[in-house]
Amino acid sequence: MSEARVVAFSDLHIDGGRHGTTNPATGLNTAWESTARIAKSIADYAIEQEVDAVVTPGDLYLNGWPRPEAVELLFDFFRTLSAAGIDVVVSPGNHELINLPRGHRSPIEHFRDLAHVHVMTGPGVVTLESGLQIATFPWPTRTSLLAPGDTDGKTAPEIDALVAQRAVDQIARLAEQVDVRRGPAMLAGHATVGDCVIGSSKRGSEMDLAELFAEPVIPLEALDVDPWQHVAMGHIHTRQIIGGEGASGRVWFCGSPDRDTFTDEREAKAFSDIRLADNGSIASVASIATPARRFVTLPLPEGLDPAYAVDLLPLEADGAIVRVVLPPGSDDALGAEVRRVIGLTGAHVVQVERPLPPRNDSERVVAEEGIRPLEGLDLWMPAQGIADDDAARLREKAAVLVEETGVAA
Ligand SMILES: [Mn+2]
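Residues numbered from 1 in each chain as written. Predicted model: local features only at pLDDT ≥ 70, side-chain atom pairs only at ≥ 80, totals over all residues.

1. With respect to the nonpolar core
Core analysis: the largest hydrophobic core is formed by 75 residues, its most contacted members being Ala8, Ile14, Met186 and Val193. Top contributing element to this core by residue count: helix 1 (residues 30–48), with eight residues. Once residues within four sequence positions are removed from consideration, Val193 is found in contact with Val217, Ile218, Leu220, Leu223, Met233, Ile242 and Val251. Of all hydrophobic cores here, the second largest spans 13 residues; its members include Ala309, Val324, Ala347 and Val352. (Core = buried A, V, L, I, M, F, W, Y, C linked by C-beta atoms within 7 Å. Buried ≥ 20, exposed ≤ 12 C-beta atoms within 10 Å, placed from the backbone. Helix = DSSP H or I, 4+ residues; strand = E, 2+ residues; numbered from the N terminus. Contact = placed C-beta atoms within 7 Å.)

2. Overview of the pairing of strand 19 (residues 348–353)
Bridge count for strand 18 (residues 321–325) against strand 19 is five bridges, and the pairing is parallel. Within strand 19, the position partnered with Arg323 by the bridge is Gln351. One crossover worth recording links strand 18 to the parallel strand 19 by way of helix 6 (residues 332–343), and it is right-handed. (Pairing = 2+ DSSP bridges. Right-handed = clockwise from strand over helix to strand, strands pointing away.)

3. Structural notes on the environment of Leu60
Within the secondary structure, Leu60 sits in the loop between strand 2 (53–57) and helix 2 (68–83). A residue is classified by how many C-beta atoms lie within 10 Å of it, and Leu60, with 31 of them, is buried. When the C-alpha positions of Leu60 and Thr192 are compared, they lie 17 Å apart, and in sequence the two are 132 residues distant. Not counting residues up to four positions away in its chain, the partners in contact with Leu60 are Leu12, Ile14, Leu74 and Ile108.

4. Quick word on the domain arrangement of the chain
The domain boundaries assigned to the chain delineate domain 1 (3–289), domain 2 (295–353) and domain 3 (362–409). Taken over C-alpha atoms, the centre of domain 2 sits 48 Å from the centre of domain 3. (Domains from an automatic or database assignment.)

5. Description of helix 2
Over its 16 residues, helix 2 runs 22 Å from end to end, which matches the ideal 22 Å to within 8%, given 1.5 Å per residue. Considered for burial, the residues of helix 2 that qualify are Ala70, Leu73, Leu74, Phe77, Phe78 and Leu81. Against helix 1, strand 2, strand 3 (87–91) and strand 4 (117–119) lie the buried residues of helix 2. One or two positions beyond helix 2, positive phi appears at Gly85, with a value near 80 degrees. (Expected span 1.5 Å × (residues − 1).)

6. Considerations on the packing of helix 1 against helix 2
Taken N-terminus to C-terminus, the directions of helix 1 and helix 2 make an angle of 10 degrees; their axes are 9 Å apart at the nearest point. The orientation of helix 1 relative to helix 2 falls into the category roughly parallel. Where helix 1 abuts helix 2, its residues Trp32, Ala36, Ala39, Lys40, Ala43 and Ala46 lie against Ala70, Leu73, Phe77, Thr80 and Leu81. Its residues assigned to classes, the contact of helix 1 with helix 2 shows nine nonpolar, one polar and one charged. (Axes fitted to C-alpha atoms, helices over the stretch in contact; angles between N-to-C directions. Parallel < 35°, antiparallel > 145°, perpendicular 65-115°, else oblique. Nonpolar A, V, L, I, M, F, W, Y, C, P; charged D, E, K, R; others polar.)

7. Concerning the packing of helix 7 (residues 373–383) against helix 8 (residues 388–405)
A packed helix pair is summarised by two numbers, namely the angle formed by the two axes and the spacing between the axes. Where helix 7 meets helix 8, the closest approach of the two axes is 10 Å, and the angle between their N-to-C directions is 160 degrees. What the angle tells us is that helix 7 and helix 8 run roughly antiparallel. Between helix 7 and helix 8 the crossing geometry is right-handed. Each of Pro373, Leu374, Leu377 and Met381 in helix 7 lies in contact with helix 8, whose residues at this interface are Ala391, Leu394, Arg395, Ala398, Ala399 and Val402. (Left-handed = near helix turned anticlockwise from the far one by under 90°.)

Shown next as structure tokens:
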């Protein structure tokens, strides 16, 4: 084969539901409708572009016990791709394990019987007819990677480090199963990777991240290696390349395709369109924007007539999820009125912040250079609201000090 093309996304959280309301027309949570719309846009793109495969490494759901309608919404996505004959590779993240009763199967098992859908609940390599090889590793768990007794006498961070090491070994074994003569190869998995960016700016070493999240952290060096021409990771919601130079990096976090909180407000949300050449070189990746929900923080200036609050909304805020920040010291009535006025536009105010007036415990006194101590004291005391007779006593004592210490009065 000459070139393979793969669409990758992760962390869909189809039933995340945060900041959603019930759509009266459908009875569905508007946040669910948004993620379902995004899933549909990804499937439509993959079909239209006739890609070879769609890969999604985990956190499709909020937890391991999804409601039937969430399963149906996801089924729509898998059915569409299956009917179009596009191979889909799916593996679990940590969220599919949350609330999953012991002994129950992962909710991603639902899709196993669909033609062209490859459900990978353990590490493995899917080799497609074309020769394209897609290796997957699921969220590294203690139960899957450690034997009873492995944890004896170890602290929690040491156990996480051991789990990470076992996952690294697992990934190395996957590399051995790949035959580069058959076709291009990529890896997809779900885990934190050392050196990734969390939120907008935080950057941490493996140790920092391990302590911050109390979870195993895979070192970048274990992933940024041949034969992988691309590594599509899930778990961190900020879309990013880890290591590498610019867009030429090999290891990517796909990022969540929808906005979920106000920290996502300025984050570009996208999925990957990956082109894998048959010469083993690092793949090129295009970021395809998703129809993600818009989040808008709207600070209101002091003295604004609430009726004009709407004019401050950016034009693209139609249907947006809005956080209003009132001027300090505003009352509840203003908040309620602004909420009502903005609500009339179809935007949805989910948060009204009313910052406390700034603390002003003392005036700042600016003393000129070369000022003498008693002059400084005379400036400072009135600013502190010190009573006149106290001030006179302080000045007397200060004068004694100045004399005794020999400081120029
Ligand atoms: Mn995750």
